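Fold and geometry: a report
Below, each chain spelled out in residue letters.
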Amino acid sequence: MSERRQPVLGILGGGQLARMLALAAAPLGVNTLVVDSAADACAGQVAPLVVADWADYAALEAFAARVDVVTFDFENVPAATAHWLAERVAVFPAPQALAVAQDRLAEKTLFRECGLSTPDFRTVDTREELEQALAAIGVPAILKTRRLGYDGKGQFRLMQLADAEAAWAALGAQACRHGLILEAFVPFERELSVIAVRGRDGEFHTWPLTRNWHVDGVLAMSLAPAPDIGQLQQRATALARTLAERLDYIGVFALELFVKDGELLGNEMAPRVHNSGHWTIEGAHTSQFENHVRAVLGLPLGETGARGLSAMFNWIGGLPAAAPVLRAVDAHWHDYGKQSRPGRKVGHATICAPDAGQLAARLGGIAAALGRAAQAAPVLQALDRP
Ligand code: AMP
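Note that the structure is predicted; figures quoted are calculated from it, not measured.

The subject of this paragraph is the overall build of the chain. Of regular secondary structure, the chain possesses 13 helices and 18 strands. Whereas a compact globule of 386 residues would reach a radius of gyration of roughly 21 Å, the chain reaches 21 Å, a difference of no more than 12%. Overall size of the chain, expressed as C-alpha extent along the three principal axes, is 75 × 50 × 40 Å. Considering the chain as a whole, with its 386 residues, one finds that 56% of them fall into the buried category.

Structural data, given as structure tokens:
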């Protein structure tokens with residue numbers, strides 16, 4: 001009998017996304033190997049970790065020799081590293097798809113080509129272009145770095161024209177290196193995201209739309225399936241499919257959307273599993289993490305329907321007490337094993353229930369016990385139980 005060899009999935013980046021990918025890979029018989037420049041990267045608590053930076057080609061050569069497929073927990077892996085690896089081992093999503101999502105200009109241009117409107121925007125490379133862009137777009141507006149921004153980082157909100165000076169002081173240095181864009185501020189009615197997965201054979205699924213609430217540009221709460229969305233699910237699914245096919249995308253990705261006047265506007269695309277899809281671990285028939293592993297390894301994809309409703313709390317900066325979540329029915333605690341630090345995502349909790357009434361009761365009880373009533377309030381309001 002020949003010896004059984006388990007496939008090995010290499011993951012670039014060792015944060016909580018890599019950690020949850022590794023946890024989802026294990027029951028499929030898939031081993032993982034993670035690369036991160038930090039020796040204490042939290043995925044290293046559940047999977048073997050190679051400590052190396054993105055330009056350490058000797059370490060990356062050894063890594064490539066040990067894995068069957070490479071994927072990402074971090075979209076800002078340098079394009080040069082992704083291309084170099086793709087010459088040695090299968091890399092999904094492909095570096096070309098990653099490159100589009102790394103640049104807000106390329107991303108917005110693609111959205112528009114695929115029929116997804118975006119907030120009005122202008123590219124800004126000089127102080128003078130900032131004035132021209134402000135004259136065209138007006139205020140309020142948001143100046144964003146084209147590259148390397150996430151979770152509201154690399155952004156400056158301009159409430160009045162006189163804020164241009166402060167915005168340039170904050171981000172002007174980035175303009176020479178990577179370019180900026182000035183975006184109209186959208187007074188949106190809601191923020192939604194659609195998580196989608198495309199397999200190596202083109203099989204495509206989306207999970208039910210998620211409604212999201214951000215605080216200071218960072219996700220605070222999610223609710224799925226998003227209530228009262230009418231035709232937006234079909235529209236979001238069709239757009240996500242068009243984008244995925246245009247990019248020949250393989251794996252899971254997220255599209256972050258604004259709803260304005262009942263229509264979808266594209267904010268950004270994340271070429272990886274996404275924080276607004278964490279609810280799928282317990283709240284869907286197949287989680288985003290499991291389907292990403294399946295997709296990049298060429299396995300059949302799992303069904304993406306929801307089991308009832310789910311609400312997710314993000315724990316930012318530090319963890320609250322776990323006990324009220326651990327004691328509650330169908331409530332799920334996720335501690336990423338990270339040190340507390342202001343603004344850092346250190347864990348989440350997902351509360352599931354068969355219907356809106358029971359979800360509101362469970363969520364309200366847990367929020368009160370944790371002293372997090374304000375964080376949960378918009379979700380309770382969306383569930384129509386303020
Ligand atoms: P981003 O890093 O671009 O996803 O931005 C983080 C969050 O900031 C978004 O989820 C929104 O809540 C907010 N935001 C970003 N861009 C805009 C915009 N053009 N108009 C209104 N809010 C925005």
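That covers the picture; the talk isn't over yet.
Here we come to the sheet that holds strand 8 (residues 155–158). Within the open sheet, the four strands sit side by side as 6-9-7-8. Their pairing is antiparallel. Strands with a single pairing partner mark the edges of an open sheet, and in this sheet they are strand 6 (121–124) and strand 8. For this sheet the average axis-to-axis angle between neighbouring strands, irrespective of direction, equals 20°. In this sheet, strand 9 (residues 180–184) lies alongside strand 6 in antiparallel orientation, the contact comprising four bridges. Of the residues in strand 9, the one forming a bridge with Val124 is Leu180. Contacts from helix 7 (residues 164–178) reach strand 6, strand 7 (141–145), strand 8 and strand 9 within the one sheet, and its direction differs from that of strand 8 by about 145°.

Along its length, helix 7 shows its largest kink, about 55°, at Leu171. Among the residues making up helix 7, those that are buried are Ala164, Ala167, Trp168, Leu171, Gly172 and Ala175. Summarising the contacts, the buried residues of helix 7 are in contact with strand 6, helix 6 (127–137), strand 7, strand 8 and strand 9. Positive phi shows up at Gly179, right after helix 7, with a value of about 80°.

Right, let's get into the sheet that holds strand 4 (residues 69–72). Pairing in this open sheet of five strands is parallel, and the strands run 3-2-1-4-5 from one edge to the other. Every other strand in the sheet has two partners, leaving strand 3 (49–51) and strand 5 (90–91) as the edge strands with one partner each. Across the sheet, helix 10 (residues 288–297) touches strand 1 (8–12) and strand 4, and the angle it forms with strand 4 is around 140°.

Running from N to C, helix 12 (residues 356–370) and helix 13 (residues 373–382) point in directions that differ by 165°, and their axes come no closer than 9 Å. When the axes of helix 12 and helix 13 are compared, the pair comes out roughly antiparallel. At the point where helix 12 passes helix 13, the crossing takes the left-handed sense. On helix 13, the residues that touch Ala360, Leu363, Gly364 and Ala367 of helix 12 are Ala373, Ala376, Val379 and Leu380. Of the residues that constitute the contact of helix 12 with helix 13, the class distribution is seven nonpolar, one polar and no charged.

In the vicinity of the ligand, 18 residues are found, and the nearest of them are Lys144, Glu183, Val186, Glu191 and Glu268. At 3.0 Å from an oxygen atom of the ligand is found a side-chain nitrogen or oxygen belonging to Asn267. If the ligand stood free it would expose 470 Å²; the protein chains cover 97% of that surface. Among the elements of the structure, strand 7, strand 8, strand 9, strand 14 (251–260) and strand 15 (263–270) are those that each provide at least two residues to the shell around the ligand. Residue contributions to the shell around the ligand reach at least three from each of two domains, namely domain 2 (120–184) and domain 3 (190–384).

The accessible area lost on association of the parts is a frequent measure of interface size. As assigned here, the chain comprises domain 1 (8–91), domain 2 (120–184) and domain 3 (190–384). Placing the centre of domain 1 and that of domain 2 at their C-alpha centroids yields a distance of 33 Å.

The subject of this paragraph is helix 13. Every buried residue of helix 13 is accounted for by Gln375, Ala376, Val379, Leu380 and Ala382. Axial view of helix 13: buried residues confined to an arc of 155°, hence all on one face. Exposed residues on helix 13 whose side chains face more than 90 degrees from its buried face are Ala374 and Gln381. Close packing links the buried residues of helix 13 with strand 12 (210–215), strand 13 (218–224), strand 16 (309–316) and helix 12. A positive backbone phi angle near 70° is found at Asp384, which sits one or two residues after helix 13.

Okay, unusual backbone geometry next. Cis geometry marks the peptide bond from Val139 to Pro140, where omega comes out at 0°. Positionally, Pro140 belongs in the loop between helix 6 and strand 7. The omega torsion across Ala224 and Pro225 is -10°, close enough to zero to call that bond cis. Structurally, the position occupied by Pro225 is in the loop between strand 13 and helix 8 (232–247). One non-glycine residue with positive phi stands out, namely Asp228, at about 55°. Mapped onto the secondary structure, Asp228 falls in the loop between strand 13 and helix 8.

Analysis parameters
- Residues numbered from 1 in each chain as written.
- Predicted model: local features only at pLDDT ≥ 70, side-chain atom pairs only at ≥ 80, totals over all residues.
- Heavy atoms only, no water.
- Helix = DSSP H or I, 4+ residues; strand = E, 2+ residues; numbered from the N terminus.
- Rg over C-alpha atoms; globule rule 2.2 N^0.38 Å.
- Buried < 20%, exposed > 50% of the residue type's maximum accessible area, 1.4 Å probe, protein only.
- Pairing = 2+ DSSP bridges.
- Axes fitted to C-alpha atoms, helices over the stretch in contact; angles between N-to-C directions.
- Contact = heavy atoms within 4.5 Å.
- Bend = angle between axes of the 7 residues up to and from the residue.
- Parallel < 35°, antiparallel > 145°, perpendicular 65-115°, else oblique.
- Left-handed = near helix turned anticlockwise from the far one by under 90°.
- Nonpolar A, V, L, I, M, F, W, Y, C, P; charged D, E, K, R; others polar.
- Near = heavy atom within 4 Å.
- Polar contact = N/O pair within 3.5 Å; in protein donor to acceptor, adjacent residues only side chain to side chain.
- Areas by Shrake-Rupley, 256 points an atom, 1.4 Å probe, with all protein chains shown as cover.
- Domains from an automatic or database assignment.
- Arc of directions from axis to C-beta.

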